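Fold and contact review
Chain by chain, the residues run as shown.
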Amino acid sequence: MKNYFSRMKTKGHCPPRKPVRKIIWSSVGGFLGILLVAYLGEVWGSGDEGSLFVIGSFGATAVLIYGAPLAEFSQPRNLIGGHVLSALVGVTIALLLKEHIVLASALAVSASIAVMHLTRTLHPPGGATALIAVIGGERVQDLGYWYVLNPVLVGAFLMLMVALFVNNMSIDPKRHYPVYWV
């Protein structure tokens, strides 16, 4: 037991704050990405359906692709693949285990992690995308596999387009996107 707790000792220090320029570009990207998804969801949807277009996991995606565009989790392969595969997993488990939401929730997240690892598309917000398919309520459940296409694929693609624009606008040669496509 002593060995177990000794592994929790810190091994480093908190990194310094990022430069203000990077903070501004990250914030602009987050704002534009979510604004575009929310706006198009409102335009394409009718009433409450428009608000369904912005799923919670897109907030975490924005932090990654605009705040840490060079990270492995932020790359287009991970962004699109992680969300889409996790949505497929989540919808499938939601349909199979309709009456067992607790089990379905845990299984959707854990299976989506495994699938993303196996396909080299690990994108942490994908776990939330899978979970939303299970616990998102009747409006999400009624979408069935359409949830994978819209809002997940369409929303992730729109956020990718904004990431390509914003992350390559900076004069900083270290800020570029993507590091790789496939």
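Structure's up top.
Residues numbered from 1 in each chain as written. Predicted model: local features only at pLDDT ≥ 70, side-chain atom pairs only at ≥ 80, totals over all residues. Heavy atoms only, no water.

All right, on to a nonpolar patch on the surface then. A grouping of Val-20, Ile-24, Val-28, Phe-31, Leu-32, Leu-35, Phe-165 and Met-169 is seen on the molecular surface, where their side chains present a nonpolar patch of about 730 Å² in accessible area. The element best represented in the nonpolar patch is helix H2 (residues 20-44), accounting for six residues. Position of Leu-32 among the secondary structure elements: in helix H2. On the accessibility criterion, Leu-32 (31% relative accessible area) is partly exposed. (Patch = residues over 30% accessible without salt bridge, like charges linked within 9 Å, V, L, I, M, F, W, Y side chains within 5 Å. Areas by Shrake-Rupley, 256 points an atom, 1.4 Å probe, with all protein chains shown as cover. Salt bridge = Lys/Arg side-chain N within 4 Å of Asp/Glu carboxyl O. Helix = DSSP H or I, 4+ residues; strand = E, 2+ residues; numbered from the N terminus. Buried < 20%, exposed > 50% of the residue type's maximum accessible area, 1.4 Å probe, protein only.)

With that settled, consider unusual backbone geometry. Put simply, Tyr-177 and Pro-178 share a cis peptide bond, and its omega is 0°. For Pro-178, the position within the fold is in the segment after helix H9 (146-166). Positive phi values are uncommon outside glycine, yet Arg-120 reaches one of about 55°. Structurally, Arg-120 can be placed in the loop between helix H6 (101-118) and helix H7 (125-135). We classify Arg-120 as exposed; its relative accessible area is 59%.

Taking 1.5 Å of rise per residue, 21 residues should cover 30 Å, and H9 covers 29 Å from first to last C-alpha, within 8% of that figure. Most pronounced at Val-152, the bend in H9 amounts to some 30°. Those residues of H9 not exposed but buried are Tyr-147, Val-148, Pro-151, Val-152, Gly-155, Ala-156, Leu-158, Met-159, Leu-160, Val-162, Ala-163 and Val-166. (Expected span 1.5 Å × (residues − 1). Bend = angle between axes of the 7 residues up to and from the residue.)

With that out of the way, let us pick up the environment of Ser-6. With respect to the helices and strands, the residue Ser-6 is situated in helix H1 (residues 2-6). Among the polar contacts made by the side chain of Ser-6, one reaches the main-chain carbonyl oxygen of Asn-3 at a distance of 2.7 Å. (Polar contact = N/O pair within 3.5 Å; in protein donor to acceptor, adjacent residues only side chain to side chain.)

This part covers the nonpolar core. With 28 residues, the main nonpolar core has Ile-65, Tyr-66, Leu-79, Tyr-147 and Met-159 as its most contacted residues. For this core, the secondary-structure elements that each account for two or more residues are H2, helix H4 (57-67), helix H5 (76-96), H7 and H9. Residue contributions to this core peak at ten residues, all from H9. Not counting residues up to four positions away in its chain, the partners in contact with Leu-79 are Thr-61, Ile-65, Phe-73, His-123, Ala-156, Leu-160 and Tyr-177. One finds Val-89, Ala-94, Ala-130 and Val-134 within the second-largest nonpolar core, a separate group that totals eight residues. (Core = buried A, V, L, I, M, F, W, Y, C linked by side-chain atoms within 4.5 Å. Contact = heavy atoms within 4.5 Å.)

A word on the side chain of Ser-26. For Ser-26, the location among the structural elements is in helix H2. Discounting chain neighbours no more than four positions away, the residues touching Ser-26 are Tyr-66, Gly-67 and Arg-175.

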